[in-house]
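Chain residues, written in single-letter form:
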Amino acid sequence: MGFDISPALAEVIVGEVVGHAASVGSFVRIDMEGSAYTEATIALTERLHARLPGSVGTVLQAYLYRTEADAERLLAQGIRIRLCKGAYKEPPEVAFPAKADVDANYVKLMKRMATYQK
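About the cut-offs
Residues numbered from 1 in each chain as written. Predicted model: local features only at pLDDT ≥ 70, side-chain atom pairs only at ≥ 80, totals over all residues. Heavy atoms only, no water. Phe/Tyr/Trp six-rings, centres within 6.5 Å; stacked < 30°, edge-to-face > 60°. Helix = DSSP H or I, 4+ residues; strand = E, 2+ residues; numbered from the N terminus. Buried < 20%, exposed > 50% of the residue type's maximum accessible area, 1.4 Å probe, protein only. Lys NZ or Arg CZ within 6 Å of the ring centre and 35° of its normal. Pairing = 2+ DSSP bridges. Axes fitted to C-alpha atoms, helices over the stretch in contact; angles between N-to-C directions. Contact = heavy atoms within 4.5 Å.

### Comments concerning the packing of aromatic side chains
Ring pairs (aromatic) are described by centroid distance and by the angle formed between their planes.
At step 1: On inspection of all chains with the given rule, the structure shows 2 aromatic pairs.
At step 2: Summarising the aromatic geometry, the rings of F3 and Y37 are spaced 6.3 Å apart at their centres and angled 25° between planes, so their arrangement reads as stacked. Highlighted residues: F3 in the segment before α1 (7-23) and Y37 in the loop between β1 (28-30) and α2 (38-51), separated in sequence by 34 residues.
At step 3: Looking at Y37, the relative accessible area reads 26%, which means it is partly exposed.
At step 4: The residue whose ring lies beneath R80 is F27, and the NZ or CZ to ring-centre distance is 3.6 Å.

Here it is as structure tokens:
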């Protein structure tokens, strides 16, 4: 929705979409792109959730090392998460390079999310 052009404009656009969804009792999930966008996407989701609780969530990617901490951060705020394995070619400094490690992390995160209690 325009992060590369203007993060502020992207927030206005996505905020309007989420606001409309909230007004009709619906929900928006903000998709996750490559790791360069992870923090900005999570922060945007948090700000919109603070304004419109229950109307916005995001996606987390199990192949990123940081995802366990990100999941805890979002779960603590009651933000809905869709977990995926990840689709981008990321460097081994930020992501598990082996599929077996991604799969294991996915299962670990999925179990944590399914049993989370605030």
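Resuming the write-up.
### Focus on the sheet that holds strand β3 (residues 80-84)
At step 1: Ordered by their spatial adjacency, 3 strands build an open sheet running β1-β2-β3, and the pairing between neighbours is parallel. Two strands lie at the open edges of the sheet, namely β1 and β3, each paired on one side alone. Each neighbouring strand pair of the sheet contributes to a mean axis angle of 30°, computed without reference to strand direction.
At step 2: Sheet strands in contact with α2 are β1 and β2 (56-61), and its direction is about 160° off that of β2.
At step 3: Helix-sheet contacts for helix α3 (residues 67-76) involve β2 and β3, and the interaxial angle to β2 is about 165°.

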